[in-house]
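# Observations on the model geometry
What follows is the residue order along each chain.
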Amino acid sequence: MNKLSCEVVGDLLPLYYDEVCSADTRESIEAHLATCEQCTTALHKLQQSSNLPFEVIVKNKQESTGLASFKGYWHRSKAAAFLKGLLLATAVCGVIILGYTGLFRWNITEVPSNVIKITDISRLKDGKIAYHVKMTDGYLVNRVKGQTEGDGIFYITPMRPVIKTRKSAEIGLGNRYDTIDLELLNGKRTDPSTKIKAIYYGPEDDKPILIWKQGMELPPATAAVEAQFVDRN
């Protein structure tokens, strides 16, 4: 048989070790092993691995399987932890946004009457009631709501967030001239026969300021007050 290479001997070593190769092949392998230290070492390693007790082989397989299972569990745990962290971060961000909106942007707090100052109440030439309103505490008013009670009382209530913000300009809802159109308010009532009897500025349950009531004669607006509404009409 021709002289074998190390690659061929490496492929044939398991057959040689198990004694299932032909006599000529065995003779050629042994001739190669006699002169090749590398293949001889490979044969020794094959012999050592095959001489391990059955229990050790089983244990090694179990440990290998257990390691693979732990690796899978570790990756699953990391994915679950990431998902939990993402959900928690999303929830925290949601709470922060809602908290910020509720405290700084959501206009749910009524401005108390003791910081509201109403002046220059008068009647414009077009019949509207004019007045000047100012918040003496210097904080912004973000919204003004109007509400009519069944008894014909109309309340104008300034609103702001829980956390107040100081005004950035002198003119705004908290410091301005404004008007009330009685004819328009009466036209919007469910029962047209029931007219608006009085108009107050401020929260209903906090001593609101009277602007007008039936029978009240208001002075005519001055030219300066009329001029306040030239650009608005």
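Read on for a plain summary of the structure. (Residues numbered from 1 in each chain as written. Predicted model: local features only at pLDDT ≥ 70, side-chain atom pairs only at ≥ 80, totals over all residues. Heavy atoms only, no water.)

### Quick word on the pattern of salt bridges
Quick reminder of the rule: By salt bridge we mean one thing: a side-chain nitrogen of Lys or Arg within 4 Å of a carboxyl oxygen of Asp or Glu. Secondary structure counts use DSSP, requiring at least four H or I residues in a row for a helix and at least two E residues in a row for a strand, with both numbered from the N terminus. Only protein chains enter the area calculation, which uses a 1.4 Å probe; residues under 20% of their type maximum are buried, those over 50% are exposed, and those in between are partly exposed.
Counting across every chain of the model gives four salt bridges. Residue Glu-30 is joined to Arg-26 by a salt bridge in which the shortest nitrogen-to-oxygen separation is 3.5 Å. Here Glu-30 pairs with Arg-26, and both are found in helix α2 (residues 23-33), just four residues apart, close to one helical turn. Residue classification places Arg-26 among the partly exposed residues on the basis of a relative accessible area of 26%. For the salt bridge of Asp-137 with Arg-160, the shortest nitrogen-to-oxygen distance reads 2.9 Å.

### Let's talk about the nonpolar core
Nonpolar side chains in soluble globular proteins generally cluster together in the buried interior. Our working rule: Residue types Ala, Val, Leu, Ile, Met, Phe, Trp, Tyr and Cys, when buried and joined through side-chain atoms within 4.5 Å, form a set referred to as a nonpolar core.
Membership of the largest hydrophobic core comes to 20 residues, with the highest contact counts inside it found for Ile-129, Tyr-131, Ile-180, Ile-199, Tyr-201, Ile-211 and Trp-212. Ranked by residue count, the leading element in this core is strand β3 (residues 129-135), at four residues. Grouped together as the second largest cluster of nonpolar side chains are eleven residues, Leu-4, Leu-12, Tyr-16 and Leu-33 included.

### Brief notes about the packing of helix α1 (residues 6-17) against α2
Rule in force here: Axes here mean lines fitted to C-alpha atoms, for a helix over just the part in contact, with angles spanning 0 to 180 degrees between N-to-C directions. Should an angle fall under 35 degrees it is taken as roughly parallel, and over 145 as roughly antiparallel, whereas 65 to 115 is taken as roughly perpendicular and any remaining angle as oblique. Here is the rule for handedness: rotate from the far helix to the near one, and if that takes an anticlockwise turn smaller than a right angle the crossing is left-handed, while a clockwise turn gives right-handed. The contact criterion used throughout is that any non-hydrogen atoms of two residues lie within 4.5 Å. Gly is placed with the polar residues, together with every amino acid not listed as nonpolar (Ala, Val, Leu, Ile, Met, Phe, Trp, Tyr, Cys and Pro) or charged (Asp, Glu, Lys and Arg).
The interhelical angle for the contact between α1 and α2, taken along N-to-C directions, is 120 degrees, at an axis separation of 10 Å. With respect to α2, the element α1 is oriented oblique. The two elements α1 and α2 meet at a crossing, and its hand is left-handed. Contacts between α1 and α2 pair Cys-6, Val-9, Leu-12, Leu-13 and Tyr-16 from the former with Thr-25, Arg-26, Ile-29, Glu-30, His-32 and Leu-33 from the latter. Among the residues making up the contact of α1 with α2, the classes are represented as seven nonpolar, two polar and two charged.

### Comments concerning the packing of aromatic side chains
Applied cut-off: Working definition: a ring pair exists when centres of Phe, Tyr or Trp rings (six-membered ring for Trp) sit within 6.5 Å. Plane angles under 30 degrees give stacked, over 60 give edge-to-face, the rest tilted.
All chains considered together, the criterion is met by two aromatic pairs. Where Tyr-155 meets Tyr-200, the ring centres are 5.8 Å apart and the plane angle is 25 degrees; that geometry is what we call stacked. Here Tyr-155, found in strand β5 (residues 153-160), pairs with Tyr-200, found in strand β7 (residues 198-201); they are 45 residues apart in sequence, far enough to count as distant. The class for Tyr-200 is partly exposed, based on a relative accessible area of 23%.

### Examining the pairing of β3
This is how the line gets drawn: Following DSSP output, two strands are said to pair if at least two bridges run between them.
In terms of burial, β3 is largely enclosed, as six of its seven residues are buried. Two elements, strand β2 (residues 116-123) and β3, share six bridges in a ladder whose sense is antiparallel. Bridge assignment links Ser-122 to a residue of β3, and that residue is Ala-130. The loop that links β2 with its antiparallel partner β3 comprises five residues; one of these, Gly-127, has a positive phi angle of about 95 degrees.

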